[in-house]
Amino acid sequence: MTKYIIRRIIQAIPLLVLITILIFGLLKLSGDPFAAQMIDPNVSEEDMAYRRRAAGLDDPLPLQFIHWYLGDDWYQRDLRPNNDPCLADSTVVCAWGEFDGEVDTPGTRKGILRGDFGISLRFQRPVVEVIQDRLPNTLILASTALTTTILLGVAIGMLAALRPYSLFDNIVTTLSFVTFSMPIFLIALLAVFVFSVKFKEWGLPYLPTQGMYDPRGDRSLDELLIRLILPTFSLAAIQIAAYSRFIRASMLEAINSDYIRTARAKGLTNRRIVLVHAFKNASFPLITLVALDIPAYLGGAVVTETIFSWPGMGKLFIDSLTNLDPPILLAFTLLVAVSVVFFQLLADIVYAWVDPRVRYT
Amino acid sequence: MKKVTRLTLVSALIISALTLMGVFSTAAQEESVLVIGFEQEPPNLWPLNTLTYGGLAESFYSRDLWDWDVNREIYPIMVTEIPSVENGRIAINDEGNTVVTITLREGMLWSDGMPITAADCEIWHTIRFDRSTSTNVSRNAYPDVVLDFSIDENDPLTFSITYSGTFPDVLVAPEKPECRYPAHVFGPMIEDGGILEDSPYFVGGMDFDGLKTVSYGPYSLAEWNIGENMVMVKNPNWDGPEPAWDRIVIPFITDSAQMRNALTVGEIDVAFGWSDNLQPDYAAIENVETIAIPGVYSDALWIRMGEIGNSDEHGGTALMDPRVRQAIAHAIDRRSLAEELVAPGVMVPTSWYPPSLWPEDLPFLEYDPELAAQLLDEAGWVLNEDGIREKDGVTLDNLRFVTTENELRNNYQLFIQEYLAEVGIGVDIQIIPATTLFATFSDGGTLTNYQWDLAIFANSANALAPTSYDDYKCKGIPSPENPDGFNPWQFCNERYDELDALIATTLPGPERDALVEEAVRLHWEGFFWHGLRLRATWFAVDTTVVNPESVANYTGSLASNWFNQIEYWEAAS
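As the structure is a prediction and not an experimental result, all values here were calculated from the model. (Residues numbered from 1 in each chain as written. Chains lettered and ligands numbered in written order. Predicted model: local features only at pLDDT ≥ 70, side-chain atom pairs only at ≥ 80, totals over all residues. Heavy atoms only, no water.)

Looking only at helices and strands, chain A features 15 helices and two strands. The 361 residues of chain A split such that 47% are buried. Sequence-distant contacts in chain A: of pairs separated by 6 or more residues, those separated by 24 or more amount to 70%. Split by element, the accessible area of chain A, about 17,400 Å² in all, is 67% carbon and sulfur. (Helix = DSSP H or I, 4+ residues; strand = E, 2+ residues; numbered from the N terminus. Buried < 20%, exposed > 50% of the residue type's maximum accessible area, 1.4 Å probe, protein only. Contact = heavy atoms within 4.5 Å. Areas by Shrake-Rupley, 256 points an atom, 1.4 Å probe, with all protein chains shown as cover.)

All names here are of chain B. With five of six residues buried, strand S5 (residues 98-103) is to be regarded as a mostly interior element. Sheet topology note: the strand S4 (residues 90-92)/S5 ladder contains three bridges and is antiparallel. Within S5, the position partnered with Ala 91 by the bridge is Val 99. Counting the residues in the hairpin turn of S4 and S5 gives five residues, including Gly 96, whose phi is positive at 85°. With six bridges joining them, S5 and strand S7 (residues 158-163) adopt antiparallel strand pairing. Across the sheet, Thr 98 pairs through a bridge with Tyr 163, a residue of S7. (Pairing = 2+ DSSP bridges.)

So, on to the packing of helix H13 (residues 494-503) of chain B against helix H14 (residues 510-525) of chain B. All names here are of chain B. Relative to each other, H13 and H14 sit at 150°, their axes nearing to 9 Å. The angle between H13 and H14 places the two elements in the roughly antiparallel class. H14 is crossed by H13, and the crossing has left-handed handedness. Between H13 and H14, the contacting residues are Arg 495, Tyr 496, Leu 499, Leu 502 and Ile 503 on the first element and Arg 512, Leu 515, Val 516, Glu 518, Ala 519, Leu 522 and His 523 on the second. (Axes fitted to C-alpha atoms, helices over the stretch in contact; angles between N-to-C directions. Parallel < 35°, antiparallel > 145°, perpendicular 65-115°, else oblique. Left-handed = near helix turned anticlockwise from the far one by under 90°.)

Here we take up the nonpolar core. All names here are of chain B. If you look at the biggest cluster of nonpolar residues, it comprises 53 residues, and the most contacted ones within it are Tyr 282, Ile 328, Tyr 412, Ile 416, Leu 420 and Leu 454. Counting the residues that make up this core, at least three belong to each of domain 1 (32-46 + 217-295 + 536-568) and domain 3 (298-534). Residues contacting Ile 328, with those up to four places away along its chain left out, are Leu 301, Ile 303, Leu 319, Leu 420, Ile 425 and Leu 454. (Core = buried A, V, L, I, M, F, W, Y, C linked by side-chain atoms within 4.5 Å. Domains from an automatic or database assignment.)

Residues and elements named next belong to chain B. Counting across every chain of the model gives two disulfides over all chains. Across the disulfide from Cys 474 sits Cys 492; the S-S distance is 2.0 Å. Its S-S torsion of approximately 105° makes the covalent link between Cys 474 and Cys 492 right-handed. On the criterion of sequence distance, the pair formed by Cys 474 in the loop between strand S18 (454-458) and H13 and Cys 492 in the loop between S18 and H13 is long-range, its members being 18 residues apart. Owing to a relative accessible area of 43%, Cys 492 belongs among the partly exposed residues under this scheme. Regarding the disulfides, chain B carries the connectivity 1-2, 3-4 under sequence-order numbering of its bonded cysteines. (Disulfide = S-S within 2.5 Å.)

Let us look at unusual backbone geometry. We note that B:Asn287 has phi near 65°; this positive angle belongs to a residue other than glycine. Counting through the fold element by element, B:Asn287 comes out in the loop between helix H7 (279-283) and strand S12 (288-303).

The next subject is the sheet that holds strand S9 (residues 229-234) of chain B. Residue and element names in this part refer to chain B. With respect to topology, 10 strands assemble into an open sheet ordered S8-S9-S10-S1-S11-S19-S12-S18-S16-S17, the strand pairing being mixed. A single partner strand is all that each edge strand has here, and the edge strands are strand S8 (219-225) and strand S17 (427-431). Neighbouring strand axes in the sheet, compared pairwise and without regard to direction, differ in orientation by 20° on average. Pairing of S12 with S18 involves five bridges; the strand directions are antiparallel. Bridge pairing in S18 places Ile 303 opposite Leu 454. In this fold helix H6 (residues 256-264) packs onto strand S1 (33-37), strand S11 (270-274), S12 and strand S19 (529-542), with an angle of close to 155° to the strand it touches most, S11.

This part takes up H6(B). Residues spaced three or four apart along an α-helix point in a common direction, a consequence of the helix completing one turn every 3.6 residues. Residue and element names in this part refer to chain B. Here H6 lies mainly inside the structure; seven of its nine residues are buried. Looking at where H6 begins, the residue whose side-chain oxygen comes 3.1 Å from the main-chain nitrogen of Ala 257 is Asp 255. Taken from the residues just after H6, Gly 266 is the one with a positive phi, measuring 85°. (Polar contact = N/O pair within 3.5 Å; in protein donor to acceptor, adjacent residues only side chain to side chain.)

Residues and elements named next belong to chain B. Taken domain by domain, chain B holds domain 1 (32-46 + 217-295 + 536-568), domain 2 (63-189) and domain 3 (298-534). Computed from C-alpha atoms alone, the centre-to-centre distance between domain 1 and domain 3 is 36 Å. Each side of the interface is counted separately: domain 1 has seven residues, and domain 3 has seven residues. Where domain 1 abuts domain 3, roughly 560 Å² becomes buried across the two surfaces, and 63% of that area is made up of carbon and sulfur atoms. (Buried area = accessible area lost by both parts, 1.4 Å probe.)

Structure, rendered in structure tokens:
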């Protein structure tokens, strides 16, 4: 098992490098970040030339990639402005933008291998700090949504499987297909329209429309919990539909298996048969589903976070994409890629742990 | 299975309880709070950040030496009086350079209690003048046009700035004097060779301490929760009118539907900057009033008036005749179109220049189809048997009428097509991507390559200075020799060019006013620019929280000073 894990980790390294090369290349093709992002148009061309060079954008492309990985504190650039006359005598026209020709200013970045993901062009702050701001918010939403999805998805799926083709099963089936066929933004906006706008109109207690905390409040836990409801609902609705269908199908298959008939013949209680024997076997594939969902949630729910103004990774990603902030986008992509690899590996390990039939060599 | 059912019931109960908790907790607040939704979060708060939302956020906690009100009238804030030629504070020295002398009001304090003096203005001068202090400051031409800064030896509140040559728009130019940032915060850092980028002043995030944002304004920036909101609190050292609310919270709500929802349920009190077509939706919200503040952009009908681009297929030389261009304006009921297509009360401008510069007798070309027909007849373009204007075998039935993909402009095109048809002019409507329509001559732009006759788009005038652009000068006409020129309408008037040069080198006063008036008239008499609507900045305010009249009266009408008189906004009575 240990050998298997080590082998998988080693296999993942070239995969991650390949992913980063692809993303790096795509971002470079998308144009000049200084031109595309919301840079003040009144910042002079000379200042922009300095910033571009300081950010390493004047370096050859392969070197930029190496700097991103290994940093540039071992590399020197010509960054000193040739502006002495300008400072000494205010009547002399400044020659800012002309560098002094000496390649003597070392870079300051350490590279991602040393934990430095660079400076966000938009926020002018280290990328790690920006992500540290957002990741906890995404984890709050993601963990709530995932827990809700698993609990309700499994419960509904089991109930439907135990009473196949009953009224409950038919209702669940219909709702599942309806929910599954709706885009998430529609679910989110409908939920807000009904549970916030209409509930208020009808004089009922209504849910907040957006944000993590009440703007007039004191950022308390109850504010957070109440504001989690609609985003969680929007995120979980489709997944609950998927999980419940999945569990229903695998439970039906398990219930009609020979070993369940044997269990019944041995006189086990129905509850024990369903929860211990049938559900245990029916839930194995759930591990794969959850392992695939966690990295997706970690990457943030782009649509949900945008609609609900939830300051998480998804909103950060969409803002960074809109404003072309490569350091953030590269770090974000790497984070998601690493988590996909990690959780897939974890799923394989958990499989081996819960299912004695699975053995890795 | 009963347990599962019970679990479901308990979950439902918990959710209901939390819902009630949320509703009741919202109700129990004592501190007065105004919540203003921002559609975008400022990326940062760099000095003189001219990005709209950076400037908007800054306008809560930072005030200039002077500013402009909703009518674009200048008023003093930090100065004893507005510098002018009359009061001797704007003068030309012996070397022919412009000297501006400013005296700060006594007793002003920064938000941390330190006094404001001319030394604060000097540090900001140093930052703008010396490029090595930051690469992220909007300097414009400051280092190139400013020659000297000096503080009065006898008065620590008085300072002078010397500008190169005659610099008449010293009060309105981006290079105008400023005292935005405190010397006691930035001085030591700059003296130690540090740069502004090192300062925590301008960035938000986990370690952001709003109190470091020492400023002079009715509020102080207390919190900036990146991605979520900004919180302004009353500045105890502000000596102006006391603001009506203890706190202002600015949540960032990027989804426009959610902005309306938030206003509907009372989570925010003010939404602004939304597009014209949303006015009915906002107006329909209970207890919400919509307010239009005139902006700086005007959508207009442009006419290609020059010879280049003429062809018999598209009306020959018809548009070169000013009577035809004037007739087109009279043929269209622009006021009704603005009322019906945009919103009631939308202003239809008379001139491209800002209203404050219009001569009192500058007429608006009112809807008058009979006069339009008469002008066309006088120009020799008479109706043929098909009801189309015709002259020397050339018909006016195929003028190329272009605009961008924009629902409102496309609707305008359709209505204008009908109005023009009534006087015998036919147009061929074309919708062209903005990147092609506005591209330069060498990039094959539709306008710059003269593949048009009529067009709808917006072009802003300088909101405060009376100077014009090359877009209206002879040297701006695009050609292979001048591929970057953007005067595709071909307005070319040597006197106008001369006037603009004179305006740029004449100090404010009666002489300059006369020059400006003449320039505005010449521009208007070209009849190549017919205003369709002055774009407004829309506000939607919850009338149970804010007095809407105070918003209408105390809101800036420039690009990013919409909250520059927030201290005058009143709570609903």
